Amino acid sequence: MRYFLLSFVIVIADQWSKGFMSDLLTLCRPGDCQSIVLLPVFNFTLLHNAGAAFSFLSDAGGWQRWLLVAVSTLVSAIIVVWLYRIKSSEKLLALALALILGGAIGNLIDRALVGYVVDFIVVHYQHYYFPAFNIADSAITIGAMVLILDTLIKPKETSKVNG
């Protein structure tokens, strides 16, 4: 259950930070973009993403909202079942799934309630920008990396050959 608690904390932190940044900053539009510069390569800028990762499908006309809500709901349900079924010794796998679940639900809430995901973390170098992201995206990314790590370090099951 502590892994579900971690997912819940991620959802709360994600939703709180999105609300805080939405109250603090105005939506970035071409020619009018308010930012809080934290480092020369890192700032907070309020953006809305109506699509999926890297703004994929963001200009699809609105139907993508419900497709992404359905996909996120299905993936979240699968992860919940997966988390319930894993062995207690699979701590790294549980951590990975909890991070991914928290992030998926955080972005699902945005899509379902307002039709877009609030992004505000911007990393860049001079005029080269990485797509904006948020705490939910960070949790999903870290969870995916932990999942890959778990797959790489997990001992391979050996099968017995009957002779």
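Scope of this entry: the structure provided in the associated data block. (Residues numbered from 1 in each chain as written. Predicted model: local features only at pLDDT ≥ 70, side-chain atom pairs only at ≥ 80, totals over all residues. Heavy atoms only, no water.)

Remarks on the overall build of the protein chain
For the record, the criterion: In this text, helices come from DSSP runs of H or I with a minimum length of four residues, and strands from runs of E with a minimum of two, each type numbered from the N-terminal end. When accessible area is computed with a 1.4 Å probe and restricted to protein chains, residues below 20% of their type maximum are described as buried, those above 50% as exposed, and intermediate ones as partly exposed. Working rule for contacts: check all heavy atoms of both residues, and any pair within 4.5 Å makes them a contact. Residue exposure ignores everything except the shown protein chains as possible cover, and the areas themselves are Shrake-Rupley values with a 1.4 Å probe.
Check the secondary structure of the protein chain and you find four helices and four strands. When the helices and strands of the protein chain are placed in sequence order, the string is α-β-β-α-α-β-β-α. Scored against the burial criterion, the 163 residues of the protein chain give a buried share of 34%. Across the protein chain, the fraction of contacts at a sequence separation of at least 24, relative to all contacts at a separation of at least 6, is 65%. Taken as a whole, the protein chain presents about 10400 Å² of accessible surface, with 69% of it coming from carbon and sulfur.

Description of the sheet that holds strand β3 (residues 117-125)
Put simply, the rule reads: In this description, strands pair whenever DSSP reports at least two bridges between them. To define axes, lines are fitted to C-alpha atoms, for helices over the stretch in contact only, and angles between the resulting N-to-C directions are given on a 0 to 180 degree scale.
Read across the open sheet, the four strands follow the order β1-β2-β3-β4; overall the sheet is antiparallel. The open sheet has two free edges, formed respectively by β1 (35-39) and β4 (128-129), since each of these has just one partner strand. Pairing geometry for β1 and strand β2 (residues 42-49), over four bridges, is antiparallel. Of the residues in β2, the one forming a bridge with L39 is F42. Packed onto the sheet, helix α1 (residues 2-24) meets β1, β2 and β3 and runs at close to 75° relative to β3.

Some words on the state of the cysteines
To be explicit about the condition: Sulfur atoms of two cysteines make up a disulfide when they are within 2.5 Å.
Under the defined criterion, the tally for this structure stands at one disulfide. The disulfide bridge from C28 ends at C33, spanning 1.9 Å between sulfur atoms. Between C28 and C33, the S-S dihedral sits near -110°, and the bridge is therefore left-handed.

Notes on the packing of α1 against helix α3 (residues 91-114)
Working note: a packed helix pair is described by the angle between its axes plus the distance between those axes. Operational definition: Here is the rule for handedness: rotate from the far helix to the near one, and if that takes an anticlockwise turn smaller than a right angle the crossing is left-handed, while a clockwise turn gives right-handed. Three classes are used: nonpolar for Ala, Val, Leu, Ile, Met, Phe, Trp, Tyr, Cys and Pro, charged for Asp, Glu, Lys and Arg, and polar for all others, with Gly counted as polar.
For the pair α1 and α3, interaxial distance at closest approach is 8 Å and the crossing angle is 35°. Remark: the crossing between α1 and α3 carries right-handed chirality. Across the contact of α1 with α3, the residue classes tally to 12 nonpolar, six polar and five charged.

Focus: α3
As a reminder of what qualifies: A helix's residues, less one, multiplied by 1.5 Å, set its expected span.
The terminal C-alpha atoms of α3, which comprises 24 residues, lie 35 Å apart, in line with the 34 Å expected from a rise of 1.5 Å per residue. Downstream of α3 by a residue or two, G115 has a phi angle that is positive, lying close to 90°.

Observations regarding the environment of D110
With respect to the secondary-structure elements, D110 resides in helix α3. Put simply, D110 and V69 are 41 residues apart on the chain and 9.4 Å apart in space, counted from C-alpha to C-alpha. Every residue in contact with D110, bar those within four places of it in the chain, is listed here: Q15, K18, G115, Y116, V117 and V118.

Considering the environment of T45
As a reminder, the rule being used: N or O atoms within 3.5 Å of each other form a polar contact, as long as, within protein, one can give a hydrogen and the other can take it, and as long as residues adjacent in sequence are counted only when both atoms are side-chain atoms.
When you line up the elements, T45 lands in strand β2. Taking the relative accessible area as the measure of exposure, T45 reaches 4% and is therefore buried. Along the sequence, T45 and C28 sit 17 residues apart, while their C-alpha atoms lie 6.7 Å from each other. Of the polar contacts made by the side chain of T45, one reaches the side chain of N43; its length is 2.6 Å.

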